[in-house]
Each structure stands twice: as C-alpha cells, then as structure tokens.
Amino acid sequence: MDELKKLIAQIEALKSPEGGYTKEVLMSLGVPWPPPKGWKRKLIKQAKAMKRERKIFTSLERKAVLESHGSTCYLCQRPIDLKALWHIDHVVPFSKGGDDDMANLRPTHKVCNELKGTTDIRSVQFAAAWNKRAGAQ
Ligand SMILES: [Zn+2]
C-alpha cells in the first residue's frame, strides 16, 4: 500500500501551480493526450495490478485455512464439507489492499461468498437466498 500512496503523492506533486497537469507531465506518465476521463484512477489501478498478483492457493494451504476455522463457513457458520464447493475469502478484500496472510483468509461456501457481495449476511434475505442456492447445487 505504501508504494501506492507514494505513486499518488508523485502524481499530485506533478500538478502545475494552477492545479492542472501539463501535456509534458502526462505524456511522461504514459497518459495519452488529450487525457481520457478518469486517467488518474486508471493510472493508479494499473500500478496496483502490476504490483499485486492474486495468489493461487495449493490444496494444502486451502486445507489449512479451512481447518484453522474449524471447517466452518465464516459467513453462515454452517460446516463446510471438504469435498463441496467452497471459497477462500479475504476479510479485507484483495482489491482494497487485503493480503494473502492466514489472518486475512476465511473459508466460505461458494454460495455464501457469492451472496456476500450483494446481501447483508445477517439479513433474512441472505438466509432465504442461501437455502435456495444451496438447495439448487
Ligand atoms: Zn456458508
């Protein structure tokens, strides 16, 4: 994350006294001219993607994550069958800078992980959706 903050500070420091960016500055950053909308966001996203690669977990690592949480899904608290479909979820999302350390990983059912993005896991809607999805699998 520090690298990212540094990059953002670097971009900010390149601003002209008038508060804008000159053509030369943007070209030096590899931004086309005229700069497309959201170029700063894109630049940061690009830097992030280059910096971080998603880890592929080995089956042993997956098993360790599952067992360190009592083979229980951290979203619905129901047991997870090792042979069933389950995911490793990042407590702090990977996209928000969360890392692949054990402390940031939790086992979840596939359904739970997919539902988490759209539904509050404590809600009645979540329970209903869970039952529907789990039944369909
Ligand atoms: Zn679950």
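Residues numbered from 1 in each chain as written. Predicted model: local features only at pLDDT ≥ 70, side-chain atom pairs only at ≥ 80, totals over all residues.

## Brief notes about the nonpolar core
C73, L75, I80, W86, V111, C112, L115 and W130 form the largest nonpolar core, which has eight residues in total. At three residues, helix α5 (residues 110-116) tops the list of elements feeding residues into this core. Setting aside chain neighbours within four positions, we find V111 in contact with W130, R133 and A134. (Core = buried A, V, L, I, M, F, W, Y, C linked by C-beta atoms within 7 Å. Buried ≥ 20, exposed ≤ 12 C-beta atoms within 10 Å, placed from the backbone. Helix = DSSP H or I, 4+ residues; strand = E, 2+ residues; numbered from the N terminus. Contact = placed C-beta atoms within 7 Å.)

## Observations concerning unusual backbone geometry
Following W33, the chain continues to P34 via a peptide bond in cis, the omega torsion being -5°. Its location among the elements puts P34 in the loop between α2 (23-28) and α3 (39-51). The residue S71 is not glycine, and still its phi comes out positive at about 55°. Topologically, S71 is positioned in the loop between α4 (59-68) and β1 (86-90). If you check the backbone angles, Q77 has positive phi at about 65° while not being a glycine.

## Description of the environment of F57
Tracing the backbone shows F57 in the loop between α3 and α4. It is 12 Å that separates the C-alpha atoms of F57 and D89, two residues lying 32 residues apart in sequence. Setting aside its immediate chain neighbours within four residues, F57 contacts R62 and I88.

## Quick word on helix α1 (residues 2-13)
Taking 1.5 Å per residue, 12 residues should reach 16 Å; α1 reaches 16 Å between its end C-alpha atoms and fits that length. Burial runs low along α1: only zero of the 12 residues are buried. (Expected span 1.5 Å × (residues − 1).)

## Considerations on the domain arrangement of the protein chain
Domains assigned within the protein chain are domain 1 (2-51) and domain 2 (59-136). If you average the C-alpha positions of domain 1 and of domain 2, the two centres end up 36 Å apart. (Domains from an automatic or database assignment.)

## A closer look at the pairing of strand β2 (residues 105-109)
Regular strands show a simple pattern: their side chains alternate between the two faces of the sheet. Across the five residues that make up β2, a large majority, five, are buried. In this sheet, β2 lies alongside β1 in antiparallel orientation, the contact comprising five bridges. Considered in β2, the bridge of H90 is made with L105. (Pairing = 2+ DSSP bridges.)

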